[in-house]
Amino acid sequence: MDIDTRLLRYFAAVAEEGHLTRAAERLFISQPALTRQIRQLEAQLGVDLFVRSRNGMTLTEAGTALAAAVPPVLGAWSTALRATKVAAERAARVLRVGFVASAANELTQGIIAEFARRRPGWRVRMIQTGWEDPTAGLAGGEADVALLRLPFPGQEELGVEVLLTEDRWLALPATHRLADREVIDFREVFDEPFIATPDASGWWRDYWLAADERDGHPVLVGAVANNPDEWLNAIANGYGISLTPEATARFYQRPDVVYRPVRGVSHSQVGVVWSRDGDVPGVVRDFVHSALTVSRGVSPG
C-alpha cells in the first residue's frame, strides 16, 4: 500500500495538536481540507485513527500506533531528500551557503571570489533563511556551509571560525526621543519595547534582546519579526527598538530608521560554520579557507 507522505505529515500535526483547527493553522490549510485529508488516510488504511468530539481529536489505539511510527518515517524521507539534493548540487558543482541578513558583511563577495579561484567551475548558491533558524539551514541540511552571526544555539556541535567582530548598535524610529544622540547608554532604553526574533530561534532571541545585560530589568517585547523587512517595518512604525550589528547601518538604510552606537552591551561576531558530522567535504574546506583568507587579509598562495 502506497501512502502519500503529505497525508502522514497532516496526520502527525493533528495527532500532536489534538485539534483540527490548531493543526490546520499550523499547516496553513483550511480545516475542511485537513478533515478531508485525514478521512482519506483513514479510508486508505481501513481504520479509524481518531475519536472526534467537541473537545478535539483523540487518538484511537490504531492512531497511537501510527503516531509512534510516523516521525522516524518522515525523518528518514527528509534525510533521503536532502541526500538526493546534495548529490545533485555536487554533480552540478554548486556549493550551498546559508546566511541570515547581511552574511559576512562586505567580506562576502571577496569570499565568493576567492572560493571561485580555488574551485574553478564551481559556483556558490546563497540561501537566506528567516530568523527562526539562526543556523541558516545548516542544522537541517539545506546548506553545506554558512556565514552566521555568533553566538547561536547548537554552535558547540559545529565547526566555527570567527571572521570578524563588530559592535552592536541600536536601531530606532527616526522620530524617537534619542534619535539625535551620538551615542546611547543601554540603561536609557531598559524600559523601551524591543523587536524580538521568533521563539523558535531559542536563546539567540535573548542574545539580541541583551537579556543578560539588563541588570535584572525585564524585557518588554513590542513585536516579533521573522526577517529584516518585518524588523525594519516594526521599528519604523514605532513598535519598538532593537539591537543590531553595526553593519546593519550600511546594509539596511531607510529614512524612517536611524542607527546609533550603544554603550553597555557586548560585541557581535560573524563566523564561517560547517557540520563536523563525518568527513568534511573538500569543497567545504576550501570555502572555509577562502573565508579565512579574505577575513585575515592573507594574499592568495
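Residues numbered from 1 in each chain as written. Predicted model: local features only at pLDDT ≥ 70, side-chain atom pairs only at ≥ 80, totals over all residues. Heavy atoms only, no water.

**Considering the environment of Leu148**
As a reminder, the rule being used: Under the DSSP-based scheme used, a helix requires at least four consecutive residues in state H or I and a strand at least two consecutive residues in state E, with every element numbered from the N terminus. Pairs of residues are marked as contacts when any of their non-hydrogen atoms sit within 4.5 Å.
With respect to the element layout, Leu148 can be found in strand S5 (residues 145–150). Through-space distance from the C-alpha of Leu148 to that of Ala136 is 7.4 Å; in sequence the pair is 12 residues apart. Setting aside residues up to four positions removed in sequence, Leu148 forms contacts with Val100, Pro134, Thr135, Ala136, Gln269, Val270, Gly271 and Val273.

**Focus on the nonpolar core**
Defined as follows: Only buried Ala, Val, Leu, Ile, Met, Phe, Trp, Tyr and Cys residues count toward a nonpolar core, and they belong to the same one when joined by side-chain atoms within 4.5 Å. Residue exposure (1.4 Å probe, protein chains only): buried if accessible area is under 20% of the type maximum, exposed if over 50%, otherwise partly exposed.
Leu170, Phe186, Val189, Phe194, Trp231, Leu243 and Tyr259 are the most contacted members of the largest nonpolar core, which totals 42 residues. Where this core is concerned, the elements lending two or more residues are S5, strand S7 (168–173), strand S9 (193–196), helix H6 (203–208), helix H7 (228–236) and strand S12 (257–263). Apart from the residues lying within four places of it in its own chain, the contact partners of Phe194 are Leu170, Phe186, Val189, Leu209, Arg214, Leu220, Val221, Gly222, Ala223, Ile241, Ser242 and Leu243. Counting residues in hydrophobic clusters, the runner-up holds 22 residues, among them Leu95, Phe115, Trp122 and Leu292.

**Brief notes about the pattern of salt bridges**
For clarity, the threshold we go by: For this document, the term salt bridge refers to a Lys or Arg side-chain nitrogen within 4 Å of an Asp or Glu carboxyl oxygen.
Counted under the stated rule, the structure contains 16 salt bridges. Arg250 is paired through a salt bridge with Glu106; the nearest N and O atoms lie 2.6 Å apart. One end of the pair, Arg250, is in helix H8 (residues 248–251); the other, Glu106, is in the loop between strand S3 (94–99) and helix H5 (108–118), and 144 residues separate them in sequence. For the salt bridge of Arg187 with Asp215, the shortest nitrogen-to-oxygen distance reads 2.8 Å. Taken together, the positions of Arg187 in the loop between strand S8 (184–185) and S9 and Asp215 in the loop between H6 and strand S10 (220–224) put the pair 28 residues apart, joining distant regions of the chain. Counted as one network, the salt bridges with shared partners bring together Glu114, Arg117 and Arg118.

**Some words on helix H9 (residues 282–295)**
What counts here: Each residue after the first adds 1.5 Å to the expected span of a helix.
Helix length check: H9 (14 residues) gives 20 Å between terminal C-alpha atoms against 20 Å at 1.5 Å per residue, within 8%. Those residues of H9 lying buried are Val283, Val284, Asp286, Phe287, Val288, Ser290, Ala291, Leu292 and Thr293.

**Regarding the packing of H5 against H9**
The test is simple: Axes here mean lines fitted to C-alpha atoms, for a helix over just the part in contact, with angles spanning 0 to 180 degrees between N-to-C directions. Note on terminology: angles under 35 degrees are roughly parallel, angles over 145 are roughly antiparallel, angles of 65 to 115 are roughly perpendicular, and the others are oblique. Helix crossings are classified by the rotation of the near helix relative to the far one: an anticlockwise turn of less than a right angle makes the crossing left-handed, while a clockwise turn makes it right-handed.
Look at H5 against H9: their axes get within 8 Å of each other, and the N-to-C directions meet at 130 degrees. On the basis of the axis angle, H5 is oblique to H9. Two packed elements cross with a definite hand, and for H5 against H9 that hand is right-handed. Residues Gly110, Ile111, Glu114, Phe115 and Arg118 of H5 lie in contact with H9, whose contacting residues are Val283, Asp286, Phe287, His289, Ser290, Ala291, Thr293 and Val294.

**Let's talk about the side chain of Thr108**
Among the secondary structure elements, Thr108 is positioned in helix H5. Residue Thr108 is classed as buried on the basis of its relative accessible area, which comes to 8%. If near-sequence neighbours (up to four positions away) are discounted, Thr108 is found in contact with Ser102, Ala103, Met126 and Leu147.

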